[in-house]
Amino acid sequence: MVLVLLITSGWTGARERHADPGPRTAALLAWKKGRVGGRPLPSPDSAPRVVARFFQSLTGVQRSRLAARHPLVVGNLDGVPVGLRYRANRLALARARAVERRRMTDERLTDEGRREAGRRMHRFTSLLRAGRRILAFDPTGRGRAVEVFGDLERAERVSVVVPGVDTDVLTFERTRRRHTAPVGMARALHQRERATAPHVRTATVAWADYTSPRGVGVDAAAGELAEEGARRLVSFLRGLPGRATVALFCHSYGSVVCGVAARGGRDERLPDRVTDMTAVGSPGMRVDRAADLDARARVWAMRCDGDWIADVPYLEFGGLGHGSDPVSPEFGARRLAADGATGHTGYFVPGTGSLANMAAIGTGTYHRVHEL
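Residues numbered from 1 in each chain as written. Predicted model: local features only at pLDDT ≥ 70, side-chain atom pairs only at ≥ 80, totals over all residues. Heavy atoms only, no water.

1. Things to note about the pairing of strand 6 (residues 202-208)
Selection rule: Throughout, exposure labels follow a simple rule: accessible area from a 1.4 Å probe, protein chains only, divided by the maximum for the residue type, with under 20% read as buried, over 50% as exposed, and the rest as partly exposed. Going along the chain from the N terminus, every DSSP run of H or I of four or more residues is numbered as a helix, and every run of E of two or more is numbered as a strand. Two strands are counted as paired when DSSP detects at least two bridges linking them. A crossover counts as right-handed when, viewed with the strands pointing away from the observer, the path leading from the first strand over the helix to the second turns clockwise.
For strand 6, the tally of buried residues reaches 7 of 7 residues, placing the bulk of the element in the interior. In this sheet, strand 6 lies alongside strand 4 (residues 144-150) in antiparallel orientation, the contact comprising 6 bridges. Each residue of the ladder has a partner; that of Val146, found in strand 6, is Trp207. As defined by bridge partners, strand 5 (residues 157-162) adjoins strand 6 across 5 bridges and the pair is classed as parallel. Bridged to Val160 within strand 6 is Val205. Taking the sense of rotation as the criterion, the β-α-β connection linking strand 5, helix 8 (residues 182-196) and strand 6 turns out right-handed.

Laid out in structure tokens, this is it:
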């Protein structure tokens, strides 16, 4: 019955995509025509290791010029030095904010269009606050963003929060119910990790760099957006600096993305530095068993009482549905307690057992983990 509702309620908007290619397309065209020191620039589709070698060959001045001329490319290119990406994204955010400020008074737009421009302008202003580390930013369409908490280059352990449906640049952070948004989730996890293991150098990433489904419709029940998201997630993980181990915390549809990424396939499989993957309030990971995931990572799963996701049919039929229930004993994941969490979005609230469990996994203090 729920699957039927997913199909009928989401059918009309299921294939909604951005008709306007937006600023990202223009930025990529300029990048493809660009040169530095007489050399062509690497393809935006290059593997992170290729991009890293290219930027290592440049002088500091050349890097800075590329970031200034092509901020929407440099700021989103896996393999580019982290500090340079932060700088490029500040430039891209400032330019995007100026665009939205002009749109706020554009009489050619509807009232709602001008209001949305205002919301986006205020969001970009927030992301530009001093001290924020924006590792990826793209204002195209609904928008994408990635933020880092902690020192990513010096970290011994990195935690990555992969969010679910209805994630875009406007919902990347929230003032109310802030722990239901990627920024609030990652910040709370980072703070708990520091309290759990102060001696461990950690960094936590709010990774919202994929197009998530809108609402609980066909896109949320299908795997197309998860396939695209998985490719982007693997590229991001392969471009991380240093040798830190990585733990993925995959909430709701984000666990579908993580499951597809861990399913493997030539160069698209998760790197071996990913040691742990936690499915949080998951509709499934598009496999029947944890053993079907082509990854060396430990697979964990949690779901609190009262999470409506438990009522979603755990099956796959005609391309809809995401497979077995990750918290079922048959799936084979290590089941985690979620004491104190309430509803589908309460897992990252400070003081909950669910957040404490994730912090223990993220810091590698496994003796603190409370399993069921």
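2. A word on the nonpolar core
This is how it is decided: Among buried residues, those of type Ala, Val, Leu, Ile, Met, Phe, Trp, Tyr and Cys that are joined through side-chain atoms within 4.5 Å constitute a nonpolar core.
With 54 residues, the main nonpolar core has Trp31, Phe55, Leu66, Val74, Phe137, Tyr347 and Met358 as its most contacted residues. Residues Ala226, Leu240, Val274 and Met277 belong to the second largest nonpolar core, which totals 48 residues.

3. Here's the deal with the packing of aromatic side chains
Our working definition: For Phe, Tyr and Trp, rings pair up if their centres lie within 6.5 Å, where Trp contributes its six-membered ring, and each pair is then called stacked (planes under 30 degrees apart), edge-to-face (over 60) or tilted (otherwise). Whether a charge sits over a ring depends on NZ of Lys or CZ of Arg being within 6 Å of the ring centre and within 35 degrees of the ring normal.
Per the counting criterion, the structure on display carries 5 aromatic pairs. Taking 5.6 Å as the distance between ring centres and 80° as the angle between the ring planes, the aromatic pair formed by Phe54 and Phe55 counts as edge-to-face. Each member of the pair, Phe54 as well as Phe55, is classed as buried. Taking the centre distance of 5.2 Å and the plane angle of 80° together, the rings of Phe124 and Phe137 count as edge-to-face. With Phe124 in helix 7 (residues 111-127) and Phe137 in strand 3 (residues 133-138), this pair connects stretches of sequence that are 13 residues apart. With respect to burial, Phe124 and Phe137 carry one shared label: buried. An aromatic cluster is present here, built from Trp207, Tyr210 and Phe236 joined pairwise through their rings. Sitting over the ring of Tyr366, Arg298 keeps its end group 4.4 Å from the ring centre.

4. Section: the side chain of Asp307
Rules: Positive charges are assigned to Lys and Arg, negative charges to Asp and Glu, while His and the chain termini are left out of the count. Think of a salt bridge as a Lys or Arg side-chain nitrogen and an Asp or Glu carboxyl oxygen that are within 4 Å of each other. Here a polar contact is taken to be a pair of N or O atoms separated by no more than 3.5 Å, where protein atoms must pair a possible hydrogen donor with a possible acceptor and residues adjacent in sequence count only if both atoms sit in side chains. Whether two residues touch is decided by their heavy atoms; if any such pair falls within 4.5 Å, the residues are in contact.
Relative to the helices and strands, Asp307 is located in the loop between strand 9 (298-302) and strand 10 (334-335). At 5.9 Å, Arg303 is the nearest oppositely charged side chain to Asp307, a buried residue that forms no salt bridge. Within the structure, the side chain of Asp307 is placed 2.5 Å from the side chain of Tyr347, a separation counted as a polar contact. Aside from chain neighbours lying at most four places away, what touches Asp307 is Gly281, Gly343, His344 and Tyr347.

5. Description of the packing of helix 8 against helix 12 (residues 353-363)
Selection rule: As a rule, the C-alpha atoms of each element are fitted with a line to give its axis, helices using only the stretch in contact, and angles between N-to-C directions run from 0 to 180 degrees. Comment on the angle field: the value is read as roughly parallel under 35 degrees, roughly antiparallel over 145, roughly perpendicular from 65 to 115, and oblique elsewhere. When the near helix sits turned anticlockwise from the far one by under a right angle, the crossing is termed left-handed; a clockwise turn instead gives a right-handed crossing. Under this grouping Gly is polar, as are all residues other than the nonpolar Ala, Val, Leu, Ile, Met, Phe, Trp, Tyr, Cys and Pro and the charged Asp, Glu, Lys and Arg.
In contact at an axis separation of 9 Å, helix 8 and helix 12 are set at 65° when each is read in the N-to-C sense. Of the possible angle classes, the one that applies to helix 8 and helix 12 is roughly perpendicular. As for the relative orientation of helix 8 and helix 12, their crossing is right-handed in sense. Along its contact with helix 8, which presents Ala188, Leu189, Arg192, Glu193 and Thr196, the element helix 12 presents Leu355, Ala356, Met358, Ala359, Ala360, Gly362 and Thr363. Of the residues in the contact of helix 8 with helix 12, the class split is 7 nonpolar, 3 polar and 2 charged.

6. With respect to the confidence of the model for the chain
The cut-off we apply is this: What pLDDT conveys is the predictor's confidence in a given residue, as a value from 0 to 100.
Scored by pLDDT, the chain comes out at a mean of 91, with 92% of its residues at no less than 70. Below a pLDDT of 50 lies the segment residues 1-19, which in the model reaches 29 contacts outside its immediate sequence neighbourhood of four places, other chains included.

7. Looking at the pattern of salt bridges
Scanning the model with the defined rule gives 19 salt bridges in all. With a shortest N-O distance of 2.6 Å, Arg103 and Glu100 are connected by a salt bridge. Taken together, the positions of Arg103 and Glu100, both in helix 6 (residues 82-103) and 3 residues apart, correspond to about one turn of that helix. Under the relative-accessibility criterion, Glu100 is labelled buried at 6%. Taking the shortest distance from any N to any O, the salt bridge between Arg269 and Asp272 comes out at 3.2 Å.

8. Topic: the sheet that holds strand 9
Strands in a sheet are paired, the pairing made by backbone hydrogen bonds, and the direction either parallel or antiparallel. One open sheet accounts for 8 strands, arranged 3-4-6-5-7-8-9-10; its pairing is mixed. Pairing within the sheet leaves two strands with one partner each, and these edge strands are strand 3 and strand 10. Bridge count for strand 9 against strand 10 is 2 bridges, and the pairing is parallel. In the strand pairing of strand 10, Trp300 is matched with Arg334.

9. Things to note about the state of the cysteines
Put simply, the rule reads: A pair of cysteine sulfur atoms is labelled a disulfide when the two atoms are within 2.5 Å.
Counting across every chain of the model gives 1 disulfide. Free of any disulfide, Cys304 has its nearest neighbouring cysteine sulfur in Cys250, separated by 17 Å. A residue is classified by how much of its surface remains accessible, and Cys304, at 6% relative accessible area, is buried.

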